[in-house]
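# Understanding the architecture of this molecule
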Amino acid sequence: MAFETHERDGVVFLTSSLLPVPHGFSTRLGGVSPAPWDSLNLRPGMGDGQAALRENYRRFCRCAGVDMDRLVLSRQVHETTVRPCTAADAGKGLDRERDYTADGLITGEKGLPLAVFSADCGVILLHDPVTGAVGGVHAGWRGCAGGILEKAVQALNRNYGAKPETLLAAVGPCIGQCCFETDGDVPEAMRGALGADAGPFLKKRGPKYHVDLAGLNRLWLLRSGLLPEHIDVCGLCTACRPDLFWSHRKMGDARGVHAAVIAAAGPG
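Residues numbered from 1 in each chain as written. Predicted model: local features only at pLDDT ≥ 70, side-chain atom pairs only at ≥ 80, totals over all residues. Heavy atoms only, no water.

We now examine the sheet that holds strand β11 (residues 181-182). Judged by pairing direction, the sheet is antiparallel, and its 3 strands sit side by side in the order β11-β13-β12 without closing on themselves. Strand pairing shows two members of the sheet lacking a second neighbour, β11 and β12 (202-205), which therefore form its edges. As defined by bridge partners, β12 adjoins strand β13 (residues 208-211) across 4 bridges and the pair is classed as antiparallel. From the neighbouring strand, leucine 202 faces β13, where its bridge partner is valine 211. (Pairing = 2+ DSSP bridges. Helix = DSSP H or I, 4+ residues; strand = E, 2+ residues; numbered from the N terminus.)

Below, the structure is given as structure tokens:
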């Protein structure tokens, strides 16, 4: 298993060889948005306009193999709500208002694509090849400390019968330990949630800590019952690669936002 980088008609995106369903992780390349959102911004309301947003989604969804017109967008507030989605939600975020807040979306509806966003935070795509159910989770440090991935795994089981031991997970690009420098509040929250197991992912350098967010999210997946061989971690740092990604830590608010999308398949 491995992440692979693709280029199609100027759009650069990533996929995981672990996931056998339509999916993709966007980069900043291949869209039509002007600076400072240049060019493949995928978050509504950033200032580049609805026409640019729709064209960006048209390009990215074509590359990922999902139906843009049915896409369901998360509405992220750095909390731990996981929302089951149905066909009634199709189009929410692009063509219809989002009448919810949720940092995690799950569905068992075949062909209903879900999208979550990031510009340093963790984004994780989940798929159960037995039931066909999928999920998309935004897990920044607050969501990670709050256990949103564990809640998503439990919700997939509760709503669709997906068992943790058959779930597949792809952990997308996020800020790496090299660049995620924090005060003590983040390590304290991680230790409070994960105990001593969080220690290897928290390195103190002088007065600051460096946090391995992808490693902590992988730890949550393992504690939730996923098998190690069913977890694929990208490993690219969004803050180290301004040529490929946006980073809130490095760029502030003058930037676009990436998306990760996935669509459910029928039971295997």
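Structure shown, so let's carry the discussion forward.
Once that is clear, we can look at the packing of aromatic side chains. Counting across every chain of the model gives 1 aromatic pair. Between the aromatic rings of phenylalanine 3 and phenylalanine 25, the centroid separation amounts to 5.3 Å while the plane-to-plane angle is 55°, which identifies the pairing as tilted. Of the two residues, phenylalanine 3 is situated in strand β1 (residues 3-8) and phenylalanine 25 in strand β3 (residues 23-26); the sequence distance between them amounts to 22 residues. Residue classification places phenylalanine 25 among the buried residues on the basis of a relative accessible area of 1%. Directly above the aromatic system of tryptophan 220 lies the positively charged group of arginine 223, at a separation of 5.9 Å from the ring centroid. (Phe/Tyr/Trp six-rings, centres within 6.5 Å; stacked < 30°, edge-to-face > 60°. Buried < 20%, exposed > 50% of the residue type's maximum accessible area, 1.4 Å probe, protein only. Lys NZ or Arg CZ within 6 Å of the ring centre and 35° of its normal.)

What the 6 strands build is an open sheet, ordered β5-β6-β9-β8-β10-β14; its pairing is mixed. Since the sheet does not close on itself, it has two edges, and those belong to β5 (82-85) and β14 (231-233), each with one partner. For this sheet, the mean inter-axis angle between neighbouring strands, taken without regard to orientation, is 15°. Note that strand β6 (residues 104-107) and strand β9 (residues 134-139) share 4 bridges and pair antiparallel. Considered in β9, the bridge of glycine 104 is made with valine 137. Across the sheet, helix α3 (residues 148-160) lies against β5, β6, β8 (122-127) and β9, angled at about 30° from β5, the strand it touches most. (Axes fitted to C-alpha atoms, helices over the stretch in contact; angles between N-to-C directions. Contact = heavy atoms within 4.5 Å.)

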